[in-house]
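Chain by chain, the residues run as shown.
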Amino acid sequence: FHGKQVESRSMAQPPFGGPGGAGGAGGDPMAFLQGLLGGDNGAGSLWSHPLIAQFAFNARSAPKQYGENEGRVRDGTIDVGAEGDKAKVGYRLYLPETTDGEKTGVVLYFHGNAEVCTDLGTFVDMFHKINYAVLSVDYRGYGWSTGSPSLTKLCPDAADIARAAPAILATAGVRGPIVTIGRSIGAASAVHVAANSAKDGLPAVAGLVVDSGLMSITELPMVSSIVMMLGPAGAQLLQNSPDPMNTLAKCKLANIPALVLHGERDEIVPVKQAHDCANALPHPRKRKLIFPTASHNDVLIVAGREWSDAVSQLLRGCLGEDVGAAPPPASAPAPSEDDLRAMSIKELKTLCASRGVSTAGCSEKIDLVNA
């Protein structure tokens, strides 16, 4: 499903990049800033501003194809939001060939910013083989959902989705453990549900998978680019606008078995965010896999078997299977010399930093390779 719709590359571009863009005629960055600060949209509402949504999300529509109450694939909607700001969010439920109540687990899946809930396709076979159903959910404005996507509504909507999930699953005969999986921006929703496991009407969550996950939107390269182009006023605006999802802090509350997966060469969400995530997760049964040659959108292409094996092990453990001792929270094997020589100097320095290797005295690229 990574290959059918990749993450929006527009996330790496400023939203005021050309005529008619979010910044207005000519793509004037100051016009963009004035739009954020003017009227009813002060600095405190930076993340809820429509201009931000234009580059944070790449929503697309998709039709409902199945009924809501019968069959192995079911399409429906879930009510989200508070009074005055309600919406209906679409979902697709993929059921294994047979379901067995508490012995059938559930993956509650939150996708990336350029995907929809129907994109999983035959990839769900991996989950079905280990007796898991998949409840894949959209965001506002995606698929057949109503409303417009918003960073400030992601987590509250995820909580509403989680509260509604048990009734949807019970209708399908599924009452087993729930594991949340979040890819890229979907990690904010997955972690939020996991951190609030069995609280405020949310169901208990047995496990968490963070796949190329966004931990801090304020530390993304795209946000840094915007701040640099806006100058001191942009830096002040960002300082006055705390992360609306606060995902990294919530990781500390997700005290359940967890798996963190990330590409070393991720150009959208830096690999540092995966390390921060793994360090923050408190449960002793946690694992981190960093794929040295993978970027943001090709993890399954580069390391599909490792990815699938690691996810399957966590899911089987949540069903009560004996999967052995918890593996150490280690990275994937070191890249080969050929891989290192193909990297840029910046990539080599990033790799050294992530592995605690000193680059002092490295004046040439070959020095970094040897380090």
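For the structure itself, look to the data block above.
Below: a short report on this structure.

1. Some remarks on the overall build of the chain
Of the regular secondary structure elements, the chain holds 13 helices and eight strands. A burial count over the chain gives 53% of its 371 residues as buried. Taking contacts inside the chain between residues at least 6 apart in sequence as the whole, the part at least 24 apart equals 75%. Carbon and sulfur atoms make up 51% of the accessible area of the chain, which totals about 15500 Å².

2. Points about helix α5 (residues 186-195)
By the criterion of burial, α5 is predominantly enclosed, with 10 of the 10 residues buried. Every buried residue belonging to α5 is among Gly-186, Ala-187, Ala-188, Ser-189, Ala-190, Val-191, His-192, Val-193, Ala-194 and Ala-195, and all of these are buried. As for α5, its buried residues are in contact with β3 (105-110), α4 (154-171), β5 (178-183), β6 (207-211) and α8 (247-251).

3. Description of the nonpolar core
Among the nonpolar cores identified, the biggest contains 71 residues, and Leu-93, Leu-108, Phe-110, Leu-151, Leu-208 and Ile-217 are the most heavily contacted of them. For this core, the leading source of residues is α4, giving nine residues. With residues near it in sequence (within four places) discarded, Phe-110 still touches Val-137, Tyr-139, Ala-158, Ile-161, Ile-181, Gly-182, Arg-183, Gly-186, Ser-189, Ala-190 and Val-193.

4. Examining the pattern of salt bridges
Applying the stated rule across the entire model yields 11 salt bridges. A salt bridge links Lys-86 to Glu-83; the nearest nitrogen and oxygen atoms lie 3.2 Å apart. Judged by its relative accessible area of 56%, Lys-86 is exposed. For the salt bridge of Glu-115 with Arg-183, the shortest nitrogen-to-oxygen distance reads 2.9 Å. One end of the pair, Glu-115, is in the loop between β3 and α3 (125-128); the other, Arg-183, is in strand β5, and 68 residues separate them in sequence.

5. Observations regarding the packing of aromatic side chains
Any aromatic ring pair is given by two values, namely how distant the centres are and how the planes are angled relative to each other. One pass over the structure, following the stated rule, counts four aromatic pairs. Seen from their ring centres, Tyr-139 and Tyr-142 are 5.6 Å apart, and the 90° between their planes marks the pair as edge-to-face. Taking the relative accessible area as the measure of exposure, Tyr-139 reaches 5% and is therefore buried.

6. Details of the environment of Leu-95
Mapped onto the fold, Leu-95 is located in the loop between β2 (87-94) and β3. Since its relative accessible area comes to 5%, Leu-95 is described here as buried. Not counting chain neighbours up to four residues away, the residues in contact with Leu-95 comprise Gly-71, Arg-72, Arg-74, His-128, Ala-133, Ala-172 and Val-174.

7. Considering the sheet that holds β6
An order of β1-β2-β4-β3-β5-β6-β7-β8 is seen for the eight strands of this open sheet, with the pairing classed as mixed. Edge positions in the sheet fall to β1 (73-80) and β8 (286-291), since each has one partner strand and no second. Neighbour to neighbour, the strand axes of the sheet diverge by 20° on average, direction disregarded. Note: β3 against strand β4 (residues 132-137), six bridges, orientation parallel. Considered in β4, the bridge of Val-106 is made with Ala-133. Against the sheet, α4 engages β1, β2, β3 and β4, with an angle of about 140° to β1. Packing against the sheet, α5 makes contact with β3, β5 and β6, and its axis sits at approximately 155° to β5.

8. Regarding the environment of Glu-97
Inspection of the secondary structure puts Glu-97 in the loop between β2 and β3. For Glu-97, a relative accessible area of 69% puts it in the exposed group. Considered as a pair, Glu-97 and Ala-133 are 36 residues apart in the sequence and their alpha carbons are 9.5 Å apart.

9. Description of the pairing of β8
Taken across its six residues, β8 has five buried, putting it largely inside the fold. Alignment of strand β7 (residues 258-263) against β8, held across six bridges, turns out to be parallel. By the bridge assignment for β8, His-262 is matched with Ile-290. With respect to chirality, the unit in which β7 leads through helix α9 (residues 272-280) into the neighbouring parallel β8 is right-handed.

10. Thoughts on the side chain of His-283
On the secondary structure map, His-283 appears in the loop between α9 and β8. A distance of 2.9 Å separates a polar side-chain atom of His-283 from the backbone nitrogen of Arg-285.

11. Observations concerning α4
If you check α4, its first and last C-alpha atoms are 26 Å apart, about what 18 residues at 1.5 Å a residue would give, namely 26 Å. At Ala-164, α4 shows its maximal bend, which comes to roughly 35°, and the proline Pro-166 appears one to four places after that position. Buried residues of α4: Leu-154, Cys-155, Asp-157, Ala-158, Ala-159, Asp-160, Ile-161, Ala-162, Ala-165, Ile-168 and Leu-169, and no others. Where α4 is buried, its residues contact β1, β2, β3, β4, α5 and α8. In the segment just after α4, Gly-173 is the residue with positive phi, at about 80°.

The rules we used
Residues numbered from 1 in each chain as written. Predicted model: local features only at pLDDT ≥ 70, side-chain atom pairs only at ≥ 80, totals over all residues. Heavy atoms only, no water. Helix = DSSP H or I, 4+ residues; strand = E, 2+ residues; numbered from the N terminus. Buried < 20%, exposed > 50% of the residue type's maximum accessible area, 1.4 Å probe, protein only. Contact = heavy atoms within 4.5 Å. Areas by Shrake-Rupley, 256 points an atom, 1.4 Å probe, with all protein chains shown as cover. Core = buried A, V, L, I, M, F, W, Y, C linked by side-chain atoms within 4.5 Å. Salt bridge = Lys/Arg side-chain N within 4 Å of Asp/Glu carboxyl O. Phe/Tyr/Trp six-rings, centres within 6.5 Å; stacked < 30°, edge-to-face > 60°. Pairing = 2+ DSSP bridges. Axes fitted to C-alpha atoms, helices over the stretch in contact; angles between N-to-C directions. Right-handed = clockwise from strand over helix to strand, strands pointing away. Polar contact = N/O pair within 3.5 Å; in protein donor to acceptor, adjacent residues only side chain to side chain. Expected span 1.5 Å × (residues − 1). Bend = angle between axes of the 7 residues up to and from the residue.

In short, geometric facts, not functional conclusions.
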